[in-house]
Amino acid sequence: MEQRIALVTGANRGIGFEVCRQLAQVGLAVILTSRNETEGKQAAAELAQEGLPVHYYPLDVNEPTSIEQLGTYLHADVGRVDVLVNNAGVFLDEPTDQALTARVETFERTFLTNVFGPLRLAQTLIPLMQRQKYGRVVHVSSGAGQLSDMLSGYPAYRMSKTALNSLTRMLAYEVRGTGILVNSMCPGWVKTAMGGPDAPRTPAEGADTVLWLATLPEDGPTGGFFRNREPIPW
Ligand SMILES: NC(=O)c1ccc[n+]([C@@H]2O[C@H](COP(=O)([O-])OP(=O)(O)OC[C@H]3O[C@@H](n4cnc5c(N)ncnc54)[C@H](OP(=O)(O)O)[C@@H]3O)[C@@H](O)[C@H]2O)c1
């Protein structure tokens, strides 16, 4: 069997970087992507120095042409992709933002990265997975998007993660029975640029459930939402 290939978005730092390391450690060839080429190349080189099969490819998930270029590279040059980890994300809300008063532009910019990026990538890469009859799609979501616990605060971020979870459900349904499993996960509160210095979890701990979902066996779950490898409410 050919070596499985994983693609991770927003992987120059934080949880995405650790996801690349963990996927490569279990034997996948990893395409580490980022919008900043210098940082992405540096991150991939760091993992390659650890002896891991990690390569860099530029990707800005806000830019349709960037996603198209990646699609052409994977379809024409690489010929396969087995795992897609939609990890890139932004948190743009001000601490005082409420749904009633926040600028709509904040929602638009947040959705561009956190929802439309994953949507475009799924539309571009899942057809390759369908050809292979194998695929694992992991959406790095957040408990902030849980409708079961939806009060207020950082409304654009919350709404974007709820929408991302909705995408998980629809994609999982549309590809059911074809060897492709699509799931959402929450990494917990993780010490990264986004999570801040007070977060209790390491990026490696945050990445663990991604690793699990990205390497699920054929009869693994699909269309679910997980934290710590356990289902959580939507
Ligand atoms: N940290 C937490 O506590 C926590 C909790 C729940 C969920 N999450 C989710 O975990 C994911 C990773 O976040 P993190 O904590 O690792 O935060 P982070 O360190 O801020 O990393 C975010 C990553 O997303 C990338 N990114 C942003 N916009 C992008 C774009 N247009 N194209 C490509 N990459 C882009 C960033 O790239 P640049 O370096 O170029 O900005 C960076 O690599 C996010 O989806 C986040 O919502 C995090």
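Above: the structure in question.
So, here is what we can say about the structure in this document. (Residues numbered from 1 in each chain as written. Predicted model: local features only at pLDDT ≥ 70, side-chain atom pairs only at ≥ 80, totals over all residues.)

### Regarding the environment of Gly16
Then comes step 1: As for its placement among the helices and strands, Gly16 is situated in helix H1 (residues 14–25).
Then comes step 2: Judged by local crowding, Gly16 falls into the buried class, with 27 C-beta atoms found within 10 Å.
Then comes step 3: When residues no more than four places from it in sequence are discounted, the contact partners of Gly16 are Val8, Thr9, Gly10, Ala11, Asn87 and Ala88. (Helix = DSSP H or I, 4+ residues; strand = E, 2+ residues; numbered from the N terminus. Buried ≥ 20, exposed ≤ 12 C-beta atoms within 10 Å, placed from the backbone. Contact = placed C-beta atoms within 7 Å.)

### What to know about the nonpolar core
Then comes step 1: The biggest cluster of nonpolar side chains holds 56 residues, and the ones touching the most others in it are Ala6 and Cys20.
Then comes step 2: Broken down by element, this core gets its largest block of residues, seven residues, from helix H4 (residues 104–132). (Core = buried A, V, L, I, M, F, W, Y, C linked by C-beta atoms within 7 Å.)

### Things to note about the site of the ligand
Then comes step 1: Taken together, 30 residues sit near the ligand, with Gly10, Gly14, Gly89, Met194 and Gly195 positioned nearest.
Then comes step 2: With three residues, H1 is the largest single contributor of residues to the shell around the ligand.
Then comes step 3: Class assignment for the residues of the shell around the ligand results in 13 nonpolar, 14 polar and three charged. (Near = placed C-beta within 6 Å. Nonpolar A, V, L, I, M, F, W, Y, C, P; charged D, E, K, R; others polar.)

### Re the pairing of strand S6 (residues 180–185)
Every other side chain in a regular strand lies on the same face of the sheet, so the side chains alternate between the two faces.
Then comes step 1: For S6, the tally of buried residues reaches six of six residues, placing the bulk of the element in the interior.
Then comes step 2: Here S6 shows a buried face lined by Ile180, Val182 and Ser184 and a second buried face lined by Leu181, Asn183 and Met185.
Then comes step 3: What joins strand S5 (residues 135–140) to S6 is helix H5 (residues 155–174), and the crossover it makes is right-handed.
Then comes step 4: Pairing analysis gives two bridges linking S6 to strand S7 (residues 225–227), with the strands arranged parallel. Bridge pairing in S7 places Ser184 opposite Phe225. (Right-handed = clockwise from strand over helix to strand, strands pointing away. Pairing = 2+ DSSP bridges.)

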